Amino acid sequence: QVQLVESGGGLVQAGGSLRLSCVASGSIRSINRMGWYRQAPTKQRDLVATISSGGRINLADSVNGRFTISRDNAKNTVYLQMNSLKPEDTAVYYCNVQGSYAGAWARAPFDSWGQGTQVTVSS
């Protein structure tokens, strides 16, 4: 119904930058909140950043001042710009999109997750 495709992960040196992208497609009437979560080995999945349909941004304390989240509503895309990367940022990053279905399912909510993209920061 709603598919998310993530891209932009990779290997980067500490202090470097990466930009993640997530494109949503399917039976979408509207998208409300979009965000990014991450999960490191042996750890739980934690919130990184979210952005509402009105542009309100929430950032985890650990990335505040280094990461920026943005969205392109015309493309159903959310971005995560990651600067000043640290080894502790190493994790699988997952895109999350919340909204409502189109057509016969109008106003029915969805909460979709991507497959994840690996980010590795070397020291």
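Structural data are supplied above this passage.
The rules behind each value
- Residues numbered from 1 in each chain as written.
- Predicted model: local features only at pLDDT ≥ 70, side-chain atom pairs only at ≥ 80, totals over all residues.
- Heavy atoms only, no water.
- Salt bridge = Lys/Arg side-chain N within 4 Å of Asp/Glu carboxyl O.
- Helix = DSSP H or I, 4+ residues; strand = E, 2+ residues; numbered from the N terminus.
- Buried < 20%, exposed > 50% of the residue type's maximum accessible area, 1.4 Å probe, protein only.
- Pairing = 2+ DSSP bridges.
- Contact = heavy atoms within 4.5 Å.

What about the pattern of salt bridges?
Under the defined criterion, the tally for this structure stands at two salt bridges. For the salt bridge of Arg66 with Asp89, the shortest nitrogen-to-oxygen distance reads 2.8 Å. Separated by 23 residues along the polypeptide, Arg66 in the loop between strand E6 (57–59) and strand E7 (67–72) and Asp89 in the loop between strand E8 (77–82) and strand E9 (91–101) bring together distant segments of the chain. Taken as a pair, Arg66 and Asp89 share a single burial class, namely buried. When salt bridges with common partners are traced through the structure, they connect Arg38, Arg66 and Asp89 into a single cluster.

Let's talk about the pairing of E8
Among the six residues of E8, five are classified as buried, and the element is accordingly described as predominantly covered. Sheet analysis places strand E3 (residues 18–26) next to E8, joined by six bridges and oriented antiparallel. Bridging across to E8, Leu18 finds its partner in Met82. As paired strands, E7 and E8 are joined by six bridges and run antiparallel to one another. Counted as the bridge partner of Thr68 is Gln81 from E8. Between E7 and the antiparallel strand that follows it, E8, lie four residues; Asn76 among them carries a positive phi value of about 50 degrees.

Points about the side chain of Ser112
As for its placement among the helices and strands, Ser112 is situated in strand E10 (residues 109–113). Residue Ser112 is classed as buried on the basis of its relative accessible area of 11%. Excluding its chain neighbours within four sequence positions, the residues that come into contact with Ser112 are Val2, Leu4, Cys95, Asn96 and Val97.

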